[in-house]
Structures are given as C-alpha cells and as structure tokens.
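# Structural characterization, general
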Amino acid sequence: MPAGLDPAGLRGFEHTVTRRQHLKRHERLYQRGMPLEHLFIVASGQIKTERPMPDGRPQVVGFHLPGQLLGLEALATHVYLCDAVALCDSAVCAISYSMLTSLIQQRSTLLLRFHALFGTELARQQSSMLLLGNARAPQRLAAFLLDLAASHQAPAPPAPSFELRMSRDDIASHLGLALESVSRQLTQFRAAGLLEVQNRRIELLDAEALQAIAISS
C-alpha cells in the first residue's frame, strides 16, 4: 500500500500499523457484525472469509494470501460483513482505519494507491462471480488452482507447486460445488497428467492445459 510515498509519508504510514497480530489455525481475526476499526494485510499464512447463507450454513467468500487486504467489505457499512478465520498459523498487520483515512487526506499518492488496491480486489471478486455463475465444475476448479498458483508467486510466473491450506470442504463451498465434485475433479486432473497431489501440496504439471480448461465454454 505505501508504494510511492516519500520518506515522510512512509513514516506516517508506518505509524498507522498499530500491531502485528499472530493467529493460530482456526482462530478468528474478526467476526461479522463487529465495528470497523482496522483493515488488515496478510503478512504470512492464509485467511478465509465466510458468511452464513439463509439456511445458516457458512459460505466461503474468499481466501486471502500474503500481501492481500482484508476488511474492505466493511468500508460502506463500517461493520465487518464476514468472519475472517486463519486456515493455518498466520500473521497480519492491523492498520488503524481512522488514522489511515487521516493520512490519505494529506497524501494523494496514498489515496491513488488505495484506490488501485480496492479496484484490484473488486475486479478479482467480479471475475469470481462470473466464474461461479457460468462455469462448469472443471472450469471452476482449474481457474481456482491457477489463481492460487499465481497468488503464491505474484508478480512472477505461477508457482509450480503450493500448499492447499484450505480443506476440500472450503474449496467446494467457495466454488459452489459439492465436495464429491471437487474430489472427483482433482482425481480426473491427476489422471490426465495435469497435476500431482501429495497430501495438501499441489504440483501443476501442465498449467497450459489447465488454462485451456479454465477458459473453455
């Protein structure tokens, strides 16, 4: 977020980072309905966000990796709309929202950077909505795996292997699929030589073929 600030602006931004918070696996960072006090940047580990569906079951809204922002959904209502839960031992940097807004008023560079990050997150969510609304199971899972690979290595080429910190239940919830569909599709990708699965580690053996599946109609 502070990229492009001059030294004085960078010092001001650093003062808004009120604490570095460590989370154990399954520990909640914030809960739905809590008032907005901080935005968070994932420093290490992975965080999932979820919210209840009308029948009470949790729906996974997204997965957040190091460098990504959390809490943006609270900007309109000033309360968090999701629960944020650590998928593994993780760390976040908490940014005081009130101090950040004050600093943004003084630093146009920071305002532009914040808008860019917000726009990136909005575009990512819109792409996810289009995928879930129109794609079949193979397309959804292929796109999801490629997105995870890219997130682990951004801005370099996608990482050839990475850990799935989330459960297959979480993946199924996020992609709007049955658990059996996720497991069956992973098995089919593996049988086709597109990837290898060892416990939670995924190795992409043919990213180009997965990309072709992800964009197929």
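For the structure given in this document, a descriptive report is provided here. Just so it is clear, the model here is predicted, and its values are computed rather than measured.

Turning our eyes to something else, we now look at the sheet that holds strand β1 (residues 17-23). Overall, antiparallel pairing links the four strands, which are arranged β1-β8-β3-β6 in an open sheet. In this open sheet, the two edge strands, each paired with only one partner strand, are β1 and β6 (69-70). As judged from the six bridges shared by strand β3 (residues 38-44) and strand β8 (residues 90-96), these two strands associate in the antiparallel manner. Counted as the bridge partner of Ile41 is Cys93 from β8.

Contact pair helix α1 (residues 7-16) / helix α2 (residues 97-106): the axes reach a minimum separation of 9 Å and the direction vectors enclose 165°. By the angle between their directions, the pair α1 and α2 is classed as roughly antiparallel. Considering the relative orientation of α1 and α2, their crossing is right-handed. Taking contact as the criterion, the partners of Gly9, Gly12, Phe13, His15 and Thr16 in α1 are, on α2, Met99, Leu100 and Leu103. A breakdown of the residues in the contact of α1 with α2 according to their chemical character gives four nonpolar, four polar and no charged.

This part is about the packing of aromatic side chains. Per the stated rule, a full pass over the model turns up three aromatic pairs. Where Tyr30 meets Phe40, the ring centres are 5.8 Å apart and the plane angle is 25°; that geometry is what we call stacked. In this pair, Tyr30 sits in strand β2 (residues 28-30) while Phe40 sits in strand β3, placing the two residues ten residues apart along the sequence. On the accessibility criterion, Phe40 (3% relative accessible area) is buried. Judged by centre distance (4.0 Å) and plane angle (20°), the rings of Tyr30 and Tyr80 are stacked. You can see Tyr30 sitting in strand β2 and its partner Tyr80 sitting in the loop between β6 and β7 (83-86), a full 50 residues away along the chain.

With that out of the way, let us pick up the sheet that holds strand β10 (residues 195-198). Remark on secondary structure: sheet strands pair via backbone hydrogen bonds, oriented parallel or antiparallel. Here we have three strands laid out as an open sheet, ordered β9-β11-β10, and antiparallel in their pairing. Looking at the sheet topology across the chains shown, the edges are occupied by β9 (161-163) and β10. Strand-to-strand twist in this sheet, taken as the mean axis angle between neighbours without regard to direction, amounts to 15°. Pairing geometry for β10 and strand β11 (residues 201-204), over four bridges, is antiparallel. In the strand pairing of β11, Leu195 is matched with Leu204.

Cut-offs used in this document
Residues numbered from 1 in each chain as written. Predicted model: local features only at pLDDT ≥ 70, side-chain atom pairs only at ≥ 80, totals over all residues. Heavy atoms only, no water. Pairing = 2+ DSSP bridges. Helix = DSSP H or I, 4+ residues; strand = E, 2+ residues; numbered from the N terminus. Axes fitted to C-alpha atoms, helices over the stretch in contact; angles between N-to-C directions. Parallel < 35°, antiparallel > 145°, perpendicular 65-115°, else oblique. Left-handed = near helix turned anticlockwise from the far one by under 90°. Contact = heavy atoms within 4.5 Å. Nonpolar A, V, L, I, M, F, W, Y, C, P; charged D, E, K, R; others polar. Phe/Tyr/Trp six-rings, centres within 6.5 Å; stacked < 30°, edge-to-face > 60°. Buried < 20%, exposed > 50% of the residue type's maximum accessible area, 1.4 Å probe, protein only.

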